[in-house]
Structure formats: structure tokens, C-alpha cells
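Residues per chain are reported as follows:
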Amino acid sequence: MNDSEILHLIATENADEIESLFARACEVREAHYGKSIYFRGLIEFTNYCKNDCYYCGIRRSNAKLERYRLSLDDITDCCRAGAKLGYKTFVLQGGEDPFFTDTRIAEIVSAIRGEFPDCAITLSAGERSRQAYELFFRAGANRYLLRHETATESHYAQLHPPCMNLASRMLCLRDLKEIGYQVGAGCMVGSPYQTPEHLLADLRFMETFRPHMAGIGPFLPQKDTPFGMEPGGTVQLSLKMIALTRLLLPQALIPATTALGSITPNGRELALQAGANIIMPNLTPLTARTLYAIYDHKLNAGDDALEYQRYLEAMVRGIGLVPDLSRGDAC
Ligand code: SAH
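Residues numbered from 1 in each chain as written. Predicted model: local features only at pLDDT ≥ 70, side-chain atom pairs only at ≥ 80, totals over all residues. Heavy atoms only, no water.

Undergrad: In this structure, what is going on with the sheet that holds strand β9 (residues 322-324)? I would like to understand it.
TA: Whether parallel or antiparallel, the strands of a sheet pair through hydrogen bonds between backbone atoms. Across the sheet, which stays open at both edges, the three strands sit in the order β8-β1-β9 with parallel pairing between neighbours. A strand with exactly one partner marks an edge of an open sheet, and here the two such strands are β8 (278-279) and β9. Judged from the three bridges that link them, strand β1 (residues 36-39) and β9 form a sheet pairing that is parallel. Note on β9: the bridge partner recorded for Tyr 38 is Asp 324. (Pairing = 2+ DSSP bridges. Helix = DSSP H or I, 4+ residues; strand = E, 2+ residues; numbered from the N terminus.)

Put into C-alpha cells, the structure is as follows:
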């Protein structure tokens with residue numbers, strides 16, 4: 001696809017064109033992964049963060065937020081609960097919390113690896129040194145999620161304080177890939193100051209970098225952040241970005257994000273019908289989960305994990321797809 005074709009699809013309101021974009025994305029997904037939709041258990045292990053991203057509710061300057069950290073035992077309990085449901089992937093996500101030093105993270109990874117030798121361990125703990133990423137990898141981590149957020153340097157600077165920059169993030173992504181991780185990049189859709197050209201740049205970056213995973217979800221305002229009064233990203237544009245990513249990265253693992261599920265009740269179903277192939281149910285204990293408030297009105301379903309798993313499986317089957325509890329590595 002050339003740039004003008006992509007920009008046209010980003011802009012179009014034509015229902016037939018949009019429908020055919022989603023249908024093509026689903027065909028491409030099916031060619032590589034069949035009808036499988038993979039499940040990953042998400043564990044939000046800390047909401048402390050030393051960063052101050054303008055969009056994020058767990059940013060350092062949000063004094064209104066009550067903070068929490070899960071202990072090693074809490075985390076392994078979450079994994080046990082997930083293993084009982086049959087999950088083979090655990091995703092540990094958190095703010096950039098200095099309490100969780102490189103050594104501590106490596107200890108957590110080792111403990112999980114020891115107890116669940118067959119499972120995939122995914123980390124999403126922000127920017128660290130190459131040595132840290134190597135340490136985690138040796139401890140048994142397999143995958144790392146670090147969204148690029150926006151591939152345009154000037155736009156990156158509008159979303160982050162001056163001490164953060166796109167080049168450092170890109171360096172982390174390259175290090176992670178070289179070390180041998182399955183790597184996840186991705187961006188927010190509809191973030192403040194974003195233009196269609198920025199979205200095109202995000203797609204082109206992903207096409208070139210070829211991440212194994214691509215997390216794409218709408219920006220949603222959180223009231224205690226500098227962007228608290230900004231409008232959120234739309235369902236439609238987020239779905240188009242998922243579909244376009246699928247066309248440019250046919251083999252990517254693309255989640256139907258919680259953010260989409262948070263703005264519209266069937267958001268995740270729609271994402272699966274636009275080319276996504278991952279669902280990440282939340283295994284975090286309920287009280288902590290509520291405090292992992294990166295944006296307002298975050299979907300908080302699934303207090304009964306087994307019942308919720310059945311509900312999600314029925315949802316997936318309801319749209320003609322098949323829940324798949326295997327590890328679901330990138331192909
Ligand atoms: N510290 C980790 C995890 C951050 S939270 C890291 O740096 O990777 C995970 C993702 O949530 C972020 O990458 C960002 O894309 C998304 N996010 C944060 N605030 C958001 C908001 N207000 N709306 C939508 N997505 C948001």
C-alpha cells in the first residue's frame with residue numbers, strides 16, 4: 001500500500017471501504033493463525049512510576065493516586081490463578097518503579113520460570129539498560145512489550161516531558177530484539193496533537209521494525225493528568241489502525257485492547273473482527289487493578305476469573321473464532 005492509500009483509509013467514512021478493510025485484515029490473520037484467538041493473563045504489578053508522561057494516570061506527578069506494589073508472592077499467586085484457567089502466558093506490566101530493581105525483576109522472572117517451565121513470560125516494565133534486558137532474558141523472560149507511543153519525534157515530545165525521547169525508546173526496542181525477545185511495539189490512537197501523518201509514520205515504523213506484537217488502542221483521558229480534558233481516540237479509528245497494522249504485519253500478534261473494551265462494551269469483539277488475535281484478561285487482584293488507573297473508566301470486569309474466562313470464550317466463539325490457550329508464540 002502506498003502512503004496515499006493508507007491516508008485515504010485512515011480518513012474514509014465510507015462504510016463499504018471500512019468493511020472491506022476489516023474483512024481483508026481478518027483474511028490475512030486467518031492465513032497465518034487460522035481462527036485462533038490467544039489468551040494472556042495480565043498482572044499489573046505496580047502503579048508507582050518515575051516517569052511523567054502527560055497522558056498517563058500513573059505518572060509521578062499524579063498525587064491523587066493511591067499507590068501499590070504486588071509482592072513476589074502476590075505475583076506468583078496471580079500466575080497460579082492464571083495457570084488454573086489454562087493460561088500459558090503471563091504478562092507482567094507496571095510503571096517504571098525504582099523499587100523493582102533489575103535484580104528484583106530478574107528474581108520474579110526466575111521464580112515464575114521455575115514454577116511454570118512451559119509458560120511464556122512477557123515483561124512490560126518500561127525502558128531499562130541493555131544489561132537489564134539481558135539479565136531478564138537469562139532469567140527466563142521471553143517477550144517484552146514497549147510501545148513506541150508515536151513514531152514522530154516532535155509528536156513524542158508533545159506527549160512526554162523533555163527528559164524522555166523517541167531515540168531512547170527506539171534503542172530499547174532494538175536492544176530487546178537483538179537479545180532475542182519477541183518484541184511488542186505499538187501506539188495510542190487519537191492522542192493529543194496526533195495527525196493522520198503521525199499514524200502513517202506509526203504504521204511505517206512498525207512495517208520496518210517488524211515487531212512480533214503490536215499494541216494499538218485509543219488514547220483515553222485521565223482526569224488528573226495534563227491531558228485530562230482532551231477528547232479520547234475513537235473506536236472507528238482504532239479499529240482501522242488495527243486492520244492496517246494487520247495488513248502491513250501479517251504475522252503480528254495484535255491484542256484487542258482493554259482500552260477499546262473500556263470505551264464501548266463490544267470494543268474487543270470489534271477489534272477481533274478487524275484483525276486482532278489476542279485477549280488479555282486481567283489477573284491482578286481487584287483492589288490493585290482499580291488503582292492501575294492509566295485512564296478513566298477502565299474496564300474492570302472479571303472479578304470471578306473462571307466465570308469471566310467462560311464469558312470471553314463464548315464471546316470469541318460467538319463471532320466464529322476459536323479460543324486458543326496455547327502459548328501462541330509469533331509465527
Ligand atoms: N511502564 C510500562 C507500561 C506503561 S502502561 C511501559 O512503559 O511500557 C502501558 C501502555 O498504556 C502505555 O504504553 C500506553 O500506550 C498506554 N497508556 C497509558 N496511558 C494511557 C491513556 N491515558 N490512554 C490510553 N492508553 C494509555
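Undergrad: Before we go on, may I ask you to explain the pairing of β1 in this structure?
TA: Side-chain alternation along β1 places Ser 36 and Tyr 38 on one buried face and Ile 37 and Phe 39 on a second face that is also buried. When β1 meets β8, the two strands line up parallel, connected through two bridges. Directly across from Phe 39, in β8, lies its bridge partner Ile 279. (Buried < 20%, exposed > 50% of the residue type's maximum accessible area, 1.4 Å probe, protein only.)

Undergrad: Got a minute to help me understand unusual backbone geometry in this structure?
TA: Residues other than glycine seldom take positive phi values, yet Glu 149 does so here, at roughly 75 degrees. Secondary-structure assignment places Glu 149 in the loop between β5 (143-145) and α6 (153-159). Judged by relative accessible area, Glu 149 falls into the buried class, the value being 10%. Non-glycine residue Arg 210 carries a positive phi angle of around 55 degrees. Judged by relative accessible area, which is 43%, Arg 210 ranks as partly exposed.

Undergrad: Explanation requested: the pattern of salt bridges in the structure shown.
TA: As enumerated under the stated definition, the model contains 20 salt bridges in all. Lys 64 is the salt-bridge partner of Asp 224, the closest N and O atoms lying 3.6 Å from each other. Taken as a pair, Asp 224 in the loop between β7 (213-218) and α9 (235-248) and Lys 64 in the loop between β2 (41-46) and α3 (72-85) lie far apart in primary sequence, 160 residues in all. We classify Asp 224 as partly exposed; its relative accessible area is 22%. Residue classification places Lys 64 among the exposed residues on the basis of a relative accessible area of 69%. (Salt bridge = Lys/Arg side-chain N within 4 Å of Asp/Glu carboxyl O.)

Undergrad: I would appreciate a short explanation of the sheet that holds β7 in the present structure.
TA: Spatial strand order, β2-β3-β4-β5-β6-β7: six strands in an open sheet with parallel pairing. The sheet is open, and its two borders are formed by β2 and β7, each paired with just one other strand. Adjacent strand axes in the sheet meet at a mean angle of 20 degrees, parallel and antiparallel pairs treated alike. Bridge count between β2 and strand β3 (residues 89-94): five bridges; the pairing is parallel. (Axes fitted to C-alpha atoms, helices over the stretch in contact; angles between N-to-C directions.)

Undergrad: Is there a simple way to explain the layout of surface pockets in this structure?
TA: In this approach the atoms are scanned with a rolling probe the size of a water molecule, which exposes any empty space left behind. Approximately 150 Å³ is the volume attributed to the largest pocket. Lining the largest pocket, in full, are Cys 78, Ala 81, Asn 282, Leu 283, Thr 284, Pro 285, Leu 286, Arg 289, Gly 302, Asp 303 and Ala 305. When residues of the lining of the largest pocket are traced back to their parent elements, those giving at least two are α3 and α12 (286-291). When its residues are assigned to classes, the lining of the largest pocket shows six nonpolar, three polar and two charged. (1 Å grid on protein atoms, 1.4 Å probe; cavity = no way out; pocket = protein on both sides within 12 Å on 5 of 7 lines; lining within 4 Å. Points joined across faces, edges and corners; volume = space filled by probe spheres on them. Nonpolar A, V, L, I, M, F, W, Y, C, P; charged D, E, K, R; others polar.)

Undergrad: Explain the nonpolar core here, please?
TA: One recurring pattern in soluble globular proteins is that nonpolar side chains are buried together. By size, the foremost hydrophobic cluster in this structure holds 97 residues, and its most contacted members are Phe 90 and Phe 136. Of all the elements, α9 adds the most residues to this core, at eight residues. Among all residues touching Phe 90, those that are not within four sequence positions of it are Gly 41, Ile 43, Cys 79, Gly 82, Ala 83, Ile 112, Phe 116, Cys 119, Ala 120, Ile 121, Thr 122 and Leu 283. Ranked by size, the runner-up nonpolar core spans eight residues in total, among them Tyr 33, Leu 42, Val 91 and Met 213. (Core = buried A, V, L, I, M, F, W, Y, C linked by side-chain atoms within 4.5 Å. Contact = heavy atoms within 4.5 Å.)

Undergrad: Explain the site of the ligand here, please?
TA: Residues in close proximity to the ligand total 18 residues, the closest being Tyr 55, Gly 94, Arg 147, Glu 149 and Leu 220. Here a nitrogen atom of the ligand sits 2.9 Å away from a polar atom, N or O, in the main chain of Tyr 55. Between the ligand and Arg 147, the relevant distance is 2.9 Å, taken from an oxygen atom to a side-chain nitrogen or oxygen of the residue. In a pocket analysis with a 2 Å cut-off to the grid points, the ligand is assigned to the largest cavity. Here the shell around the ligand is composed, by residue class, of ten nonpolar, five polar and three charged. (Near = heavy atom within 4 Å. Polar contact = N/O pair within 3.5 Å; in protein donor to acceptor, adjacent residues only side chain to side chain. Sits in = over half its atoms within 2 Å of the grid points.)

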